[in-house]
Every structure is written in structure tokens, then in C-alpha cells.
Amino acid sequence: MKLAIVGGGSTYTPELIDGFARLRDTLPIGELVLIDPAAERLELIGGLARRIFAKQGHSAIVTVTTDLVAGVADADAVLLQLRVGGQAARNQDETWPLECGCVGQETTGAGGLAKALRTVPVVLDIAEQVRRTNPDAWIVDFTNPVGIVTRALQSAGHKAVGLCNVAIGFQRKFAAHLNVEPELVRLDHVGLNHLTWERGVTLLDGSAGGREVLPELLRDFGKEIAEDLHLPQAVIQRLGVVPSYYLRYFYQHDAVVAELKEQGSRAAQVAEIERQLLELYADPTLDTKPELLGKRGGAFYSEAAVQLIGALLGTGGGTSVQVVNTRNDGVLPFLPDDAVIEVPAEVDARGVRPLPQRPVEPLYAGLIAAVTSYEHLALDAALHGGRDRVFDALLAHPLVGQIELADQLTDRLLAHNREHLAWA
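Parameters at a glance
Residues numbered from 1 in each chain as written. Predicted model: local features only at pLDDT ≥ 70, side-chain atom pairs only at ≥ 80, totals over all residues. Heavy atoms only, no water. 1 Å grid on protein atoms, 1.4 Å probe; cavity = no way out; pocket = protein on both sides within 12 Å on 5 of 7 lines; lining within 4 Å. Points joined across faces, edges and corners; volume = space filled by probe spheres on them. Nonpolar A, V, L, I, M, F, W, Y, C, P; charged D, E, K, R; others polar. Helix = DSSP H or I, 4+ residues; strand = E, 2+ residues; numbered from the N terminus. Buried < 20%, exposed > 50% of the residue type's maximum accessible area, 1.4 Å probe, protein only. Polar contact = N/O pair within 3.5 Å; in protein donor to acceptor, adjacent residues only side chain to side chain. Contact = heavy atoms within 4.5 Å. Axes fitted to C-alpha atoms, helices over the stretch in contact; angles between N-to-C directions. Parallel < 35°, antiparallel > 145°, perpendicular 65-115°, else oblique. Left-handed = near helix turned anticlockwise from the far one by under 90°. Salt bridge = Lys/Arg side-chain N within 4 Å of Asp/Glu carboxyl O. Phe/Tyr/Trp six-rings, centres within 6.5 Å; stacked < 30°, edge-to-face > 60°. Pairing = 2+ DSSP bridges. Expected span 1.5 Å × (residues − 1). Arc of directions from axis to C-beta.

Our focus in this paragraph is empty space enclosed by the protein. Under the defined criterion, the tally for this structure stands at 1 cavity of 30 Å³ or more. Put simply, the largest cavity is a space of about 150 Å³. Lining the largest cavity we find 15 residues, and of these Thr107, Thr108, Asn193, Val371 and Glu375 sit closest to its centre. Counted by class, the lining of the largest cavity contains 7 nonpolar, 7 polar and 1 charged residues.

Next up, the structure:
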């Protein structure tokens, strides 16, 4: 089996390598190709990957290349984890919206739109190369904003699915609270990428259908859950659901803006972590992922990736239920069929089949529908360009929604991203 990672020069890649090495029975990789235009970083990551595999007795061959076409040729699956513009562009996404009193964040609001505009054309070009060399390959997207990028890929006819670590993070944390193995916890997880709620948590305890345990989790661990999400415990208890961390940007927008103005950008913090990680990776004796990598973000991504790819390629032991980003096709009837939703799905060698969902409560359905409409307009702007399309997407976004504000944000977005937008 050949697996290719586009963006393999990322400092995050050793986290994936560690998961691939530990879970090789689920995903028996024969060749791993790391692809990245940053040749120097690629050599560092490739060297560490080989040492991690050797340390754990994994026989896979690790190769590195700056040649996308050669790298993806004959791959069974291609993982996308790229960042167009690097941390410098992310830093801009997280700062200029604050000038207008809006959240500065790389996946939500105006900053998220900027990232989508930079990213979608690049990802589609990569996907076309994959289709030319191996049309049967699965494309697994980690690249944010995952929902918009996955929608772009699927709309262009690619075999693509999106993956986020929010759901597996909740699964692991709830399992720890319950003192059970994670595989015994199943989530009633619904929404869009970075806009989801856990409406139920089932403990597979041997009884028919399992036992619903969300009420007891909120009763016994509500304080810890609320602190982890930086949301008021009283609100979570009243709603009886667990929102994703990203709902803070909607539920407490003004407070988050004040915090971001005070504490500085996450991009600046990550850039410093990456600098330190690259120094560690250059050590020829390092053969395990360093502890510092845990501060980089993306916890449990490697486990989620192994489970998903193993199921898609038929090496993971049959059909499994996993939370993924995939085409709606009527699962949430208030959304268009081509919307990309984040819900549990059956996954196996036949593909991805989202599971039926009970009706979504109006409190959540309204926001889901609004953000879906924004994502439709964001994808239109990414594909076709034009100031008017950017303005329309911002005007439709629930965190913007005002003419003057959308106008100001549009000007700033274009000013900070001209080098990445051919049409601008």
C-alpha cells in the first residue's frame, strides 16, 4: 500500500507517522511519500519519519519529494494537510479582522474565508494531478476550512472525504471520564465542520443499542467539560448538549474578540513552537515524536486518520462508524444535497455513507443553515473570484452580516491576500 501526504514537510507530520507506526495492523503501509515544496524541511521530517518507523519496527519505505506528480503516482490514498501562505498568512487571518471588531481565526469568519480563497484553487489543482495518475485513489482532506475544501473536491467529482479531530477528541475525553475504552463510546455528533454539537453519548455496555450517558457526563463532569470549552457551565447544562469549542466564536463573539486583542495570535505561538520543533527534528538521535509536538495542536488526528483510511482501503476490518465530513444527500433535509456535513457515517471499501439523523433542533438548525449558505457563497468566490462574491460571502456570514462591516472586511481581505489570489 502506498500513502502520500501533500504537505508532508509540516512540523505536524511526525504525529501522523507515530500513529501509522503504532497502528500498522490497521493500515499496513508499504511506502509513504512526503510531498512538499519546502525541500529543507522535507528532509528533516523524512529523516525523523524513517527513525520513528525503524524504532517501532515498521518496514515501510519513506521517500520525500518536491515533485507532486511523481509523489502521488499510484498512491492508494492521498492526505492533504497544506497551508497556502504558511504561518505568515495565518497570522494575518487572525489579526486584520480584529481591526473591524470581528473574530480573527483561521477557519471561522473573515479569516476563514481568506484561507478558503487561498486554498481551494490549490487543492483542486492537486486533486486533478491525483485523478490523472490514479483516479481510484481516495483523497482525505485535513486542510482547513475542511467543510469548504471537501465540498470543492466532491463538487469537482473527486473521491474525497474530510476529517477533523473534534469528534475523536470528545470521544477520548468522554471515555476517560467514564473510565472505559474509547471504542465503547459513540457520539450523536451533528453539524458542519467546526460547528457541531454532541446531542448524545452512547456507551456500548452490552445492552441492546447501548446506554445514553450524556446526562450523567454533564452532571458529574460538567465543570471540567465547560472549562475545556471555555463556555459557561450553566449554558451547557441548560442546553443539555456539548458544543464544539468553535461555538465560542458565535456564542461569545465580543468576549472572544476582546481576548484575542489582548493575547495576540495563535499563529505567532505556533510559529515559535514550529521553530523549536525543527531544531529537535534536526537531531539525528531523535526517533520518537517529541513532547513539544503536543502543543502544536491536532490531538488524535493520527488515530482518526488510520481508522478512516484503513476502512476506505479495506484493511481496517470491515465496516466501521466514524465521524467524517461528507456530502449531505438528504441526511439533514433543511440543507442542499451537495452541502458537506459532519456526522457519523458507515465507512468501508465501498465508500462513505452518512447515517440518518434525528431532526435537528431549531436552535442548532438555524445556525447550521446560515453557515451552509455562507459556505456555498465562499466556494463560489474561491472558484470564480471577484470582489462582489467575497462581499456576498461575508455579508451572509452570521459573524458579519452588516453592509459596512462586510465592505471593510472585503477591502482588508483583498489587501492582505493579493499575492495568493490570481484574480485580485
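Note on placement: Arg199 falls in strand E8 (residues 195–203). For Arg199, a relative accessible area of 6% corresponds to the buried category. Within the structure, the side chain of Arg199 is placed 3.4 Å from the backbone oxygen of Arg358, a separation counted as a polar contact. Here the side chain of Arg199 touches Glu361 through a polar contact of 3.1 Å, side chain to side chain. If we skip the residues at most four places from it in the chain, Arg199 touches Asp188, Val190, Leu214, Val241, Gln357, Arg358, Pro359, Val360 and Glu361.

Remark: helix H7 (residues 166–178) packs on helix H8 (residues 214–229), axes separated minimally by 11 Å, with the N-to-C direction vectors making an angle of 130°. When the interaxial angle is binned, H7 and H8 end up oblique. Like other packed secondary-structure pairs, H7 and H8 cross with a definite hand, here right-handed. Along its contact with H7, which presents Phe170, Lys173, Phe174, His177 and Leu178, the element H8 presents Glu216, Leu217, Phe221, Glu224, Ile225, Asp228 and Leu229. Partitioned by chemical class, the residues of the contact of H7 with H8 number 7 nonpolar, 1 polar and 4 charged.

We now examine the pattern of salt bridges. What the rule picks out here adds up to 31 salt bridges. The partner of Glu94 in a salt bridge is Arg90, and the shortest N-O contact between them spans 3.0 Å. On the basis of relative accessibility, which here comes to 7%, the residue Arg90 falls in the buried class. Among the ionic pairs, Asp411 bridges to Arg387, the shortest N-O distance being 2.8 Å. Separated by 24 residues along the polypeptide, Asp411 in helix H16 (residues 403–417) and Arg387 in helix H15 (residues 387–396) bring together distant segments of the chain. Judged by its relative accessible area of 29%, Arg387 is partly exposed. Members of the salt-bridge network, linked through shared partners, are Glu15, Asp18, Arg22, Lys289 and Glu303.

Attention shifts here to the side chain of Asp348. Relative to the elements of secondary structure, Asp348 occurs in strand E12 (residues 340–348). Among the polar contacts listed, one links the side chain of Asp348 to the side chain of Thr319, at a separation of 2.6 Å. Within the local environment of Asp348, its side chain forms a polar contact with the backbone nitrogen of Arg350, the two atoms lying 2.9 Å apart. Those residues in contact with Asp348 that lie beyond four places of it in its chain are Ala311, Leu312, Gly318, Thr319 and Arg353.

Tracing the backbone shows Ala114 in helix H5 (residues 109–133). Spatially, the C-alpha atoms of Ala114 and Trp423 are 14 Å apart, while their sequence positions differ by 309 residues. Residue contacts for Ala114: discarding those within four places in its chain leaves Asp93, Trp96, Leu413 and Asn417.

Looking now at the packing of aromatic side chains. This structure, assessed with the given rule, holds 7 aromatic pairs. Ring geometry for Tyr245 against Tyr249: centres 6.1 Å apart, planes inclined by 85°, an arrangement best described as edge-to-face. Judged by relative accessible area, which is 31%, Tyr245 ranks as partly exposed. With centroids separated by 6.0 Å and ring planes inclined at 50°, the aromatic side chains of Tyr246 and Tyr249 adopt a geometry described as tilted.

On to the pairing of E12, then. Counted residue by residue, E12 has 8 buried out of 9 residues, so it is predominantly covered. The pairing of strand E11 (residues 320–327) with E12 spans 8 bridges and is antiparallel. Paired with Arg327 across the strands is Val340, a residue of E12. Both E12 and strand E13 (residues 351–354) contribute to a ladder of 4 bridges, which runs antiparallel. Its bridge partner lying in E13, Ala345 is registered against Pro354. Between E12 and E13, which pair antiparallel one after the other, the connecting turn spans 2 residues.

Turning our eyes to something else, we now look at the layout of surface pockets. Volume-wise, the second largest pocket comes out at about 640 Å³. Along the wall of the second largest pocket there are 26 residues; nearest its centre are Gln171, Gln307, Ser320, Val321 and Gln322. Counting only elements with at least two residues in the lining of the second largest pocket, the list comes to H7, strand E7 (185–192), helix H13 (301–312) and E11. Its residues placed into classes, the lining of the second largest pocket shows 12 nonpolar, 9 polar and 5 charged.

Let's shift gears to helix H12 (residues 266–281). The end-to-end C-alpha separation of H12 is 22 Å, in line with the 22 Å expected for 16 residues at 1.5 Å each. Buried residues of H12: Ala267, Val270, Ile273, Glu274, Leu277, Leu278 and Tyr281, and no others. For H12, the angular spread of the buried residues around the axis is 140°, confining them to a single face. In this structure, the buried side of H12 is in contact with helix H1 (13–22), helix H2 (39–55) and helix H4 (86–93).

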